[in-house]
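As a plain string of letters, each chain reads:
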Amino acid sequence: MTASDFQHQTVLLREAVDLLRPADGRVIIDGTLGGGGHSEALLASGATVVGVDRDPVALAAATARLGANPRFQGRAGNFAELPRVAADLLPVDGVLVDLGVSSPQLDVAERGFSFSKDGPLDMRMGPDGPTAAELIATTDERELVRILKDYGEEPFARPIARELKKALPTRTLEAAEVVKRAVPRKAWPNRIHVATRTFQALRMAVNGELEALDALLAAIPGLLKVGGRAAVIAFHSLEDRKVKEAFRALAGRCTCPPGLPVCVCSGVGDFALVTKKAVAASEAEVEANPRSRSAHLRVVEKLR
Ligand SMILES: C[S@@+](CC[C@H](N)C(=O)[O-])C[C@H]1O[C@@H](n2cnc3c(N)ncnc32)[C@H](O)[C@@H]1O
């Protein structure tokens with residue numbers, strides 16, 4: 001794949017960029033560089049941007065697109081490890097993460113994310129760790145049920161896990177067939193492929209996506225300068241709930257000494273919620289890019 005083939009339609013572009021308030025001299029980390037859409041707009045507003053991605057293909061493509069700008073720098077890494085990956089830059093003025101996978105990752109059969117294109121059952125965003133096929137082979141059935149239920153909200157988690165453990169698929173289409181066999185025909189969902197939830201759940205487990213988000217959320221206070229902002233775009237309800245709760249805790253943590261009968265600090269924390277409610281994509285954006293339908297953008301600002 002060449003850099004020009006790497007096309008990802010950026011979600012909530014204006015909304016995320018405006019809320020991060022990029023400007024000359026401000027340093028912003030784009031923790032999910034992907035195709036570089038958000039980074040490009042941040043650069044256009046005068047900011048210095050360090051783009052991080054765990055996928056070497058995405059990093060190479062975005063660096064080819066943006067690398068001529070002296071205010072851009074690309075780095076390989078996991079946003080879960082920003083305190084290490086960006087240690088030389090911290091604290092910064094802004095951090096953005098736009099969760100999940102990019103369209104080119106989904107579209108290239110060899111990456112193994114797609115239930116409609118034959119490829120190895122891989123699903124790794126980066127080069128490390130076990131593939132989805134290896135995960136199925138090495139995870140016991142009960143844990144596989146949990147993964148399918150928790151990450152995929154899959155109502156047929158039990159029969160699917162049982163069939164996956166029996167068949168041990170190594171190809172994407174084979175895995176999709178296993179799911180089809182495990183779910184009664186009359187229970188197949190109308191709007192999505194019957195294997196959508198299983199593939200999403202396996203992808204999230206293979207890439208430790210919730211664990212990476214937890215680590216990022218916990219690191220936010222140490223990443224930002226006073227006045228700096230963190231923005232997260234989530235597509236999955238579990239992820240958005242984590243972001244909402246973490247941001248509320250940052251903004252509303254009670255700082256009263258223990259033992260007081262009532263709170264006297266009004267629960268004021270070190271952060272302010274910039275978005276009281278998640279920002280969603282406009283109707284026009286959803287029409288142009290259906291993937292944006294489930295996007296939720298939340299932003300916090302460090303106050304002290
Ligand atoms: C939705 S795309 C980002 C698209 C980007 N905002 C744009 O406008 O083109 C998500 C990207 O984040 C990367 N990614 C996902 N989780 C990551 C993590 N924990 N650390 C680093 N990169 C990650 C993926 O490899 C993918 O390239």
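As the structure is a computational prediction, the values presented were derived from the model and not from experiment.

Regarding its fold elements, the protein chain presents 13 helices and 7 strands. Here the C-alpha radius of gyration of the protein chain, 20 Å, is about what a compact globule of 304 residues would show, namely 19 Å. Seen through its C-alpha atoms, the protein chain measures out along the principal axes to roughly 60 × 55 × 40 Å. Within the protein chain, buried positions represent 50% of all 304 residues.

When its domains are assigned, the protein chain resolves into domain 1 (3-104 + 209-302) and domain 2 (127-206). Taking the mean C-alpha position of each, domain 1 and domain 2 sit 30 Å from one another. Listed per partner, the contact involves 11 residues of domain 1 and 7 residues of domain 2. For the pair domain 1 and domain 2, the summed buried surface comes to about 710 Å²; carbon and sulfur atoms form 51% of the total. Summed over the three residues of domain 1 that lose the most area to domain 2, namely Glu209, Leu210 and His236, the buried surface amounts to 55% of that side. The tally of links from domain 1 across to domain 2 stands at 1 salt bridge. The shortest N-O distance in the salt bridge between Glu209 and Arg203 comes to 2.8 Å. Applying the counting rule to domain 1 against domain 2 returns 5 residue pairs in polar contact (both at pLDDT 80 or more). The set of elements that each furnish at least two residues to the side of domain 1 that touches domain 2 consists of α11 (209-223) and α12 (237-252). Taken together, the residues of the side of domain 1 that touches domain 2 sort by class into 4 nonpolar, 3 polar and 4 charged.

Residue placement: Val279 occurs in the loop between β6 (271-273) and α13 (283-288). Residue Val279 is classed as partly exposed on the basis of its relative accessible area of 22%. Ignoring anything within four residues of it in the chain, the contact list for Val279 reads Leu12, Glu15, Leu19, Ala295, His296 and Leu297.

Further remarks concern the site of the ligand. Around the ligand, the surrounding shell holds 26 residues, and the nearest of these are Thr10, His38, Asp53, Asn78 and Asp98. At 3.0 Å from an oxygen atom of the ligand is found a main-chain nitrogen or oxygen belonging to Gly35. Side-chain polar atom of His38 to a nitrogen atom of the ligand: 2.8 Å apart, as the coordinates give it. A class-by-class count of the residues in the shell around the ligand yields 7 nonpolar, 14 polar and 5 charged.

To continue, consider the sheet that holds strand β4 (residues 92-98). Backbone-to-backbone hydrogen bonds pair the strands of a sheet. The strands run either parallel or antiparallel. Pairing is mixed in the open sheet, where 7 strands are placed in the order β3-β2-β1-β4-β5-β7-β6. In the strand order of this sheet, the two ends are held by β3 (72-76) and β6, each with one partner. Each neighbouring strand pair of the sheet contributes to a mean axis angle of 20°, computed without reference to strand direction. Across 3 bridges, β6 lies against strand β7 (residues 296-302) in antiparallel orientation. Its bridge partner being in β7, Leu273 is matched across the sheet by Val300. Set on the sheet, helix α3 (residues 56-66) makes contact with β2 (48-53) and β3; between it and β3 the angle comes to about 170°.

What follows is about the pairing of β4. Looking along a regular strand, one sees side chains alternate from face to face of the sheet. Counted residue by residue, β4 has 7 buried out of 7 residues, so it is predominantly covered. Direction of pairing for strand β1 (residues 27-30) relative to β4: parallel, over a ladder of 3 bridges. Pairing of Ile28 across the sheet is with Gly94, part of β4.

Definitions and limits used
- Residues numbered from 1 in each chain as written.
- Predicted model: local features only at pLDDT ≥ 70, side-chain atom pairs only at ≥ 80, totals over all residues.
- Heavy atoms only, no water.
- Helix = DSSP H or I, 4+ residues; strand = E, 2+ residues; numbered from the N terminus.
- Rg over C-alpha atoms; globule rule 2.2 N^0.38 Å.
- Buried < 20%, exposed > 50% of the residue type's maximum accessible area, 1.4 Å probe, protein only.
- Domains from an automatic or database assignment.
- Contact = heavy atoms within 4.5 Å.
- Buried area = accessible area lost by both parts, 1.4 Å probe.
- Salt bridge = Lys/Arg side-chain N within 4 Å of Asp/Glu carboxyl O.
- Polar contact = N/O pair within 3.5 Å; in protein donor to acceptor, adjacent residues only side chain to side chain.
- Nonpolar A, V, L, I, M, F, W, Y, C, P; charged D, E, K, R; others polar.
- Near = heavy atom within 4 Å.
- Pairing = 2+ DSSP bridges.
- Axes fitted to C-alpha atoms, helices over the stretch in contact; angles between N-to-C directions.

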